[in-house]
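# Descriptive analysis of the structure
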Amino acid sequence: MESSDVELDLQRSVQAVLRELSAQAPALQSNQGMWRWSLHKKVERDPAKSPALVRILLRELEKAESEDLRHVIIPLLHTLMYVLTKATGITEELYRRTYTFCTRLLTLPAPYCTVALDCAIRLKTETAVPGTLYQRLVIAEQNLTSELYPYQERVFLFVDPELVSPSVCSALLLEIEAAQVQQTPEACMRHVVSHALQAALGDACHASALQRKLKASPRGALERYFHAVVAAVEQMASDPSPSREGHQERLEEIYCSLLGPAAAARGRYCGDPLQDPQPSIPLPSPHITFHLWTDEEQLWKELVLFLRPRSQVRLSADLEALDLQGLWPDRELARASMLSTDSGIERDLPSGADEPPGPDSPETEHAGLQRKGGIRKRVWPPDVAMPACWAGPQGLHRRTGVPGGVGELVPGVSRLHTARVLVLGDDRMLGRLAQAYHCLRKRETQKFCLTPRLSLQLYYIPVLAPEKPASCRHSELRELATFLGRADPWYESTVNTLCPAIHKLAEMPPSLDTSRKVDPFILDVITYYVRMGTQPIYFQIYTVKIFRDLSQDPAEDIFLTELNVKIQDSKLPKDGFSPRRRGVAEGPGAELSICYQKALLSHRAQEVTSSVRATGLVLKALPASDTEVSGPTHTPPSAAPVTDHTCLNVSVTEVVKSSNLAGRSFSTVTNTFRTATIQIQSQDQRLLTLLLDKDGRRMFRDVVRFEVAPCPEPCSGARKTKAPWLGSHQLEVEGTKAKPKPLLMPINTFSGIVQ
């Protein structure tokens, strides 16, 4: 195909992607997600098209910048970076043009500047040392052993068998296994060596002869070539001023040692690209493990098992200092301070406390700044108490070829592992994920095991049971996916369109012909999402205290999206703790006492108490309209306590009584308000039924009272201390200073929230 025909074909594919983002035509909606996939497949089958596609994408990006078409910038930028990661024939001039464009985007507001900075950091290294992004990605995702790049990644795919049909589960498992059969460590090492040499040497590399030589090499020789290439790339990439020419010279030496000087010279001077087309070097899909979610602690167990094999095989000295079974808070990481209970006034000290020990006494040596009468209190170091990947937005969440969240959370211990947890299902599955996330965070306060060495990234793909398009139940169960699609248009186009394709895959008969090569669409989209979805959107987790008996301690649970309250027909027993009020008119529903803190733009605390007769309530944690998407869940947790992302939208179905000649009649009206905290109690002999996150398995019956508030970060608030010399007013002031931070659960998207 002529070069002009190639560019015209690629241009049409790029325009189809842009029309998909800009138009709402039904014809385009039916093929949503397919255009991007087919575009990447074209350059994957013919790598020589990569430079032409890079030039086309750069032109479209510059056009979008000049015409202020911001809604297409991030999708085009992700598409461009994905091509650059896999390509080998990109000139230095194209790299520099892309880098310059990303630096210009830094003047735009978030999330454009955040995504652009992430791309610019990666491009700076890739320009000087071509092939770095591909090499690091394959080493981390395939768990290849490398001393110079010891990072490891794994994708955990969780499916609830009660929410997703067995046919869908088996179809996904078969597609994952079929794609990973050919991804042996030897094949991945061959891909790394071939890609690094072709990216550095360009046309001077005889790609076909190189791949034949690597396939014929024994395992020992292949490992030596692999480690030599990795050392050359990593040493040059870590150099403060890397030299592209020096990198080419080093890899040319490895290339000559592989093929010999004579063969290398023939490849440089006699290679004809028309007769010897450049073979494709695939980018292997990440290592994915498939799990049926049947145990509440299954996420914790899988993450610990992810760390254990590496710790048993090879541990550096700094990691040996940490116990994999859990670091108890009274070990070295927990700093013990003395909390004084005396007034600090000398006359208040007990008798004998002011007598200094003798000069030779051992007490003098250990006294230091220790105060008498103190009680021991655990205080975690500031950088340990709030892990960077779990404490909400900490500035930029970037990935520079190194797994996200890499850094020294504990001095001397690097976070070498990245767990990418991907859940499939509906809002009920996300409720279970929120429960597991909350339990994991609480467990980390007791066993400090995962946080120092593991970066946790969460992903979500909506998969619902096939129902009629007009079914309201179908739309109710994908509210969070709808919100993510409104917040991030590229997520809507790429991820939210997967559900029909997954069901079509489940209906197809399994193929027994393993020799025929197929393009796994579902797996390719999952791979694209977990690789390029690096910008999290944070969701507030809410805690609910449930009273079945006001004289006993309440049960506690959490929810993420919705709490539904219904009135039971049963009555309270005669000795119930909410006695029937006199004068309450009989009618549908129940008399409820509602106390809540009203959400105001000024963030001032205004408490409202009312009594209404209602037939039910719904508390929703997600914004209900597009106008509320702009501010919800990307603000830091240090912001004002009552913001969009810590607000519940409460809908009360209130009973209205009216009298006429025919007698009394009752009608209902729905009233809505916004709040962060709310307490509701039944005032007559009707009990309540609570349904959390639309999940019938999480139903609480015979409830008298319940209280809802934002779930606090575990151990984020200071404990109150009673001292005899402090008044009650001083205690209240101290309590307000130790306000706990809210617990936010991140779900990764491509851009975060697009304003």
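Our subject in this report is the structure included herewith. (Residues numbered from 1 in each chain as written. Predicted model: local features only at pLDDT ≥ 70, side-chain atom pairs only at ≥ 80, totals over all residues. Heavy atoms only, no water.)

This next bit is on the pattern of salt bridges. Evaluation of the coordinates by the stated rule reveals 35 salt bridges. Close ionic contact of arginine 55 with glutamate 7 constitutes a salt bridge, the shortest N to O distance being 3.5 Å. Pair noted here: arginine 55 is in helix 4 (residues 50-66) and glutamate 7 is in helix 1 (residues 3-22), with a separation of 48 residues, a long-range link. A residue is classified by how much of its surface remains accessible, and arginine 55, at 31% relative accessible area, is partly exposed. Residue lysine 42 pairs with aspartate 9 through a salt bridge whose shortest N-O separation is 3.2 Å. Within this pair, whereas lysine 42 is found in helix 3 (residues 34-45), its partner aspartate 9 is found in helix 1, the two being separated by 33 residues in sequence. (Salt bridge = Lys/Arg side-chain N within 4 Å of Asp/Glu carboxyl O. Helix = DSSP H or I, 4+ residues; strand = E, 2+ residues; numbered from the N terminus. Buried < 20%, exposed > 50% of the residue type's maximum accessible area, 1.4 Å probe, protein only.)

Moving on, we get to helix 8 (residues 132-142). For helix 8, the tally of buried residues reaches 11 of 11 residues, placing the bulk of the element in the interior. By the burial criterion, the buried members of helix 8 are Thr132, Leu133, Tyr134, Gln135, Arg136, Leu137, Val138, Ile139, Ala140, Glu141 and Gln142. The inward-facing, buried residues of helix 8 contact helix 5 (73-86), helix 7 (112-128), strand 1 (152-159), helix 10 (185-201), helix 12 (219-237) and helix 24 (521-532). The first or second residue beyond helix 8 is asparagine 143, which carries a positive phi of 55°. (Contact = heavy atoms within 4.5 Å.)

The next point concerns helix 4. Along its 17 residues, helix 4 runs 24 Å from first to last C-alpha, staying within 8% of the 24 Å computed at 1.5 Å per residue. Taken as a whole, helix 4 has its buried residues at Ser50, Pro51, Ala52, Leu53, Val54, Ile56, Leu57, Leu58, Glu60, Leu61 and Ala64. Tucked into the core, helix 4 has its buried residues touching helix 1, helix 3, helix 5 and helix 6 (92-104). Two residues or fewer past helix 4, aspartate 68 is found with a positive phi of approximately 60°. (Expected span 1.5 Å × (residues − 1).)

Attention now moves to the pairing of strand 5 (residues 417-425). Successive side chains on a regular strand alternate, one facing one side of the sheet and the next facing the other. The element strand 5 is largely enclosed, with a buried count of nine among its nine residues. Side chains of strand 5 alternate between two faces, with His417, Ala419, Val421, Val423 and Gly425 and Thr418, Arg420, Leu422 and Leu424 buried alike. Direction of pairing for strand 1 relative to strand 5: parallel, over a ladder of eight bridges. Residue pairing for strand 5: leucine 157 is matched across the bridge by leucine 422. Note: strand 5 against strand 6 (residues 454-462), nine bridges, orientation parallel. In the sheet register, alanine 419 faces strand 6, and the bridge partner there is leucine 456. In the classification by handedness, the crossover that spans strand 5, the intervening helix 19 (residues 427-444) and the parallel strand 6 is right-handed. (Pairing = 2+ DSSP bridges. Right-handed = clockwise from strand over helix to strand, strands pointing away.)

Before going further, it helps to examine the sheet that holds strand 1. Spatially, four strands are ordered 2-1-5-6 in an open sheet, and the strand pairing comes out parallel. Of all strands in the sheet, those with a lone pairing partner are strand 2 (288-292) and strand 6, marking the two edges. For this sheet, the mean angle separating the axes of adjacent strands, direction not counted, is 20°. (Axes fitted to C-alpha atoms, helices over the stretch in contact; angles between N-to-C directions.)

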